[in-house]
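# Breakdown of the fold
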Amino acid sequence: MAREKYEGLLGGLYNRNEVFLLLSSMMLISSMFIGYAFSGMLDPILGGILGAFKKRVTEGDLQLNTLSIFLNNIKIALLIYGGGLIVGVVTAIYLIFNGVFIGYTASHYVLGDFIIYTLPHGVFELLGIIIAGAAGFKLANIVLNILKGVLKLQTDFSISNQFKYLLEANFDDFKDTLVLMAIALVLIFIASLIEANLTLSWASYIKGVV
């Protein structure tokens, strides 16, 4: 019974946010292919960013431990989510940029090696980013609904009561964004655990077998 209730809650959450999840997925995944396919053209823009990222790792600014990786990735997820407050523009920009950067980075390695080294944690990390993107787009939809409602406020009724009604009408949707973000953060934490503690040993084992 508890399992059915749990599955029903997740199913309802997915159904209510399917459009936002698909939009977020398409933006991130298509951007990855673009970053990989047009890496040569992107060198002047992303070459320096990739070099700076590698430097952060070698100098210890970004350490390969669970906390450091989690904090780095959680910043990205929160920016993607918070970007929904600006009607989703920042959410879209961060999703596209991260997708392009992942694809661009992949092009600088043997593709098979890149997949081996990123697959264990990458599945959870990408899912977390996609869900954070969906939460951001849902938040943007709430902002748009409130703005539309504000434009329709009637002066012959209490403005504060009308605004309160607008907030209450969108409160359930806002709760959805928080649940989505909670799921995203859990997935990102799992990804951080795997990346810090299992990825290298997994990759060494796979490469040894192959």
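What follows concerns the packing of helix α3 (residues 66–82) against helix α5 (residues 111–151). One way to put it is that α3 packs onto α5 with a least axis distance of 7 Å and a crossing angle of 25 degrees. For the element pair α3 / α5, the angle class is roughly parallel. When α3 is examined against α5, the residues N73, I76, A77, I80 and Y81 are found in contact with a partner set consisting of E125, I129, A132, G133, A135, G136 and L139. Of the residues in the contact of α3 with α5, the class split is eight nonpolar, three polar and one charged.

Looking at the protein, the pLDDT average stands at 89 and 94% of residues meet or exceed 70. Here helix α8 (residues 199–209) stands out as the element of the protein with the lowest mean pLDDT, 78, in contrast to helix α4 (residues 89–106), whose mean of 96 is the highest.

Counting through the fold element by element, L78 comes out in helix α3. Distance from L78 to G133, taken between C-alpha atoms, is 9.4 Å for residues 55 residues apart in sequence.

Once that is clear, we can look at α3. The end-to-end C-alpha separation of α3 is 24 Å, in line with the 24 Å expected for 17 residues at 1.5 Å each. Taken together, the buried positions of α3 are occupied by T66, S68, I69, F70, N72, N73, I74, A77, I80 and Y81. Packing partners of the buried residues in α3 comprise α2 (39–58), α4, α5 and α7 (171–197). Its side-chain oxygen placed 3.3 Å from the backbone nitrogen of L67, N65 serves as the N-cap of α3.

Within this structure, the stated rule accounts for four aromatic pairs. Seen in terms of ring centroids, F53 and F101 are 6.4 Å apart; in terms of plane orientation they differ by 75 degrees. Their pairing is edge-to-face. Pair noted here: F53 is in helix α2 and F101 is in helix α4, with a separation of 48 residues, a long-range link. Using a relative accessible area of 14% as the deciding quantity, one classes F101 as buried.

What follows deals with the nonpolar core. One recurring pattern in soluble globular proteins: nonpolar side chains tend to sit buried together. Within the largest apolar cluster, 24 residues are counted, with the highest numbers of intra-cluster contacts made by L95, I129, I131, A132 and M181. Contributions of two or more residues to this core are made by α1 (2–37), α3, α4, α5 and α7. Formed by six residues, the second largest nonpolar core is a distinct cluster that contains L42, L50, F101 and Y104.

Here we take up the pattern of salt bridges. Close approach of charged atoms allows side chains of opposite charge to pair. Under the counting rule described, the total for this entry stands at four salt bridges. A salt bridge links D173 to K138; the nearest nitrogen and oxygen atoms lie 3.5 Å apart. On the criterion of sequence distance, the pair formed by D173 in helix α7 and K138 in helix α5 is long-range, its members being 35 residues apart. The class for D173 is partly exposed, based on a relative accessible area of 24%.

Attention now goes to a nonpolar patch on the surface. A cluster of nonpolar side chains, Y36, L111, I115, L119, V123, L127 and W202, forms an exposed patch at the surface whose accessible area comes to about 590 Å². No other element matches the five residues that α5 contributes to the nonpolar patch. Tracing the sequence through the fold places L127 in helix α5. Given the relative accessible area of 40%, L127 is considered partly exposed.

The next point concerns the environment of T91. Of note, T91 is situated in helix α4. Take T91: its relative accessible area is 0%, and that puts it in the buried class. When the C-alpha positions of T91 and I76 are compared, they lie 10.0 Å apart, and in sequence the two are 15 residues distant. Residues contacting T91, with those up to four places away along its chain left out, are I80, Y81, G83, G84, G133, G136 and F137.

Calculation rules
Residues numbered from 1 in each chain as written. Predicted model: local features only at pLDDT ≥ 70, side-chain atom pairs only at ≥ 80, totals over all residues. Heavy atoms only, no water. Axes fitted to C-alpha atoms, helices over the stretch in contact; angles between N-to-C directions. Helix = DSSP H or I, 4+ residues; strand = E, 2+ residues; numbered from the N terminus. Parallel < 35°, antiparallel > 145°, perpendicular 65-115°, else oblique. Contact = heavy atoms within 4.5 Å. Nonpolar A, V, L, I, M, F, W, Y, C, P; charged D, E, K, R; others polar. pLDDT = per-residue confidence, 0-100. Expected span 1.5 Å × (residues − 1). Buried < 20%, exposed > 50% of the residue type's maximum accessible area, 1.4 Å probe, protein only. Polar contact = N/O pair within 3.5 Å; in protein donor to acceptor, adjacent residues only side chain to side chain. Phe/Tyr/Trp six-rings, centres within 6.5 Å; stacked < 30°, edge-to-face > 60°. Core = buried A, V, L, I, M, F, W, Y, C linked by side-chain atoms within 4.5 Å. Salt bridge = Lys/Arg side-chain N within 4 Å of Asp/Glu carboxyl O. Patch = residues over 30% accessible without salt bridge, like charges linked within 9 Å, V, L, I, M, F, W, Y side chains within 5 Å. Areas by Shrake-Rupley, 256 points an atom, 1.4 Å probe, with all protein chains shown as cover.

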